[in-house]
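One-letter residues, chain by chain:
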Amino acid sequence: MDIRPWKHYSATFRRVMMVAWMLFMAISGGRRLCDCKCAFEAIFNFGDSNSDTGGFYAAFPAESLPYGMTYFRKPVGRATDGRLMIDFLAQAIGLPFLSPYLQSIGSDYKHGANFATLASTVLLPKTSLFVTGVSPFSLAIQLNQMKQFKSKVDESHTKGGRTFLVLNLAPVGCYPAFLVELPHNRSDLDAFGCMVSYNNAVVDYNNMLKAALTQTRQAIPDASVIYVDTHAVLLELFQHPIPHGLKYGTRACCGYGANAYNFDPKVYCGNTKVINGSTLTATACGDPYNYVSWDGIHATEAANKLTANAILNGSYFDPPFPLHQICDLQPLV
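Not measured: the values here are computed from a predicted model.

What is the right way to look at the overall build of the protein in this model?
Each helix and strand in the protein was counted, giving 10 helices and 10 strands. Expressed as a percentage of its 333 residues, the buried residues of the protein come to 49%. Long-range contacts, defined as pairs at least 24 residues apart, comprise 66% of the intrachain contacts of the protein with a sequence gap of at least 6. Here the protein has roughly 15600 Å² of accessible surface; of this, 56% comes from carbon and sulfur atoms.

For this particular structure, what's the right way to read the nonpolar core?
By size, the foremost hydrophobic cluster in this structure holds 25 residues, and its most contacted members are Phe40, Ile43, Ile93, Val228 and Leu323. Breaking this core down by element, the ones donating at least two residues are helix 3 (85-92), strand 4 (160-167), strand 5 (224-228) and helix 9 (301-312). Here this core gets six residues from one element, more than from any other, and that element is helix 3. With 23 residues, the next largest nonpolar core counts Phe178, Leu179, Phe238 and Phe263 among its residues.

Can you walk me through the packing of aromatic side chains in this structure?
Applying the stated criterion across every chain yields a total of 19 aromatic pairs. Each ring, one from Phe44 and one from Phe149, has its centre 5.9 Å from the other, and the planes form 65 degrees; the classification is edge-to-face. Here Phe44, found in strand 2 (residues 42-46), pairs with Phe149, found in helix 5 (residues 139-153); they are 105 residues apart in sequence, far enough to count as distant. With relative accessibility at 7%, the residue Phe149 sits in the buried group. Ring centres of Phe317 and Phe321 lie 6.4 Å apart, and the angle between their planes is 65 degrees; this geometry places the pair in the edge-to-face category. No difference in accessibility class separates Phe317 from Phe321, as the two residues are buried. Through successive ring pairs, a cluster of aromatic residues spans Phe44, Phe46, Tyr101, Tyr109, Phe115 and Phe149. The cationic tip of Arg78 hangs over the ring face of Phe97; the distance from NZ or CZ to the ring centre is 5.3 Å.

So, how was this worked out
- Residues numbered from 1 in each chain as written.
- Predicted model: local features only at pLDDT ≥ 70, side-chain atom pairs only at ≥ 80, totals over all residues.
- Heavy atoms only, no water.
- Helix = DSSP H or I, 4+ residues; strand = E, 2+ residues; numbered from the N terminus.
- Buried < 20%, exposed > 50% of the residue type's maximum accessible area, 1.4 Å probe, protein only.
- Contact = heavy atoms within 4.5 Å.
- Areas by Shrake-Rupley, 256 points an atom, 1.4 Å probe, with all protein chains shown as cover.
- Core = buried A, V, L, I, M, F, W, Y, C linked by side-chain atoms within 4.5 Å.
- Phe/Tyr/Trp six-rings, centres within 6.5 Å; stacked < 30°, edge-to-face > 60°.
- Lys NZ or Arg CZ within 6 Å of the ring centre and 35° of its normal.

Set out below in structure tokens:
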């Protein structure tokens, strides 16, 4: 496939492209939640809202219900109704949920730390959070936080990180928010209602990411650098939700809008606004377990669980990685 330069795509699209999140698992000491056998006793994660377990809202408290309604029964800093993929991964290998690096109250860093924050970018933003809504905690900042963390607890991680899982970019052309906000023609929609041109751009990006990781493996041959194709899993859920126990692909559970996507950029999930004299509230559906999309931008707990189950069986690892042989994986509940 021809890999077109990234600058080929519009500035609007490049702004909405989310950071592919990365985590690495390390050997360390500490008590596990279960007696299950697993060589990995710590997880360190970098990324955006897809894996932020509360970092952004620790820095800028503002989250409210219905976020967190399904599993935690209250807002806990996650941009979904319940658990994220990173939560399910931790549970599968017998570890507690990752504490955000920015959260001082109730945090436990014996099994790693989470540096991801909502709306984060790869490059340092050139504008304020309060102007564009982009997180100031870019990837470079997250890496610096990791360096500081390591300098303070270095004596605990005797072997360091040697396994890196890099998750690729999701099919953003299927997300309700982008279907509403990004310019496209009806002819650009495929049979499943997803935007072909934007999803093609994601494929280009993912191919470049995969190629870059090949070079990374050559630079650090003593480490396992695994490309994780969550894109394939999520695309399947958006295109064929029913066989996987879901009902709605490109419709958001929590939102407002007189359209098939249940999304209006003027009234985000959980918000109430007066527009043209009318009071509008973006409410949550009563059955988020039937949806792929939670708020038009993020996946539901149900979709996150399905995706986690799919990647934990190893079918979406490149190169193959025997996680099930290294860890006594616990069933996801």
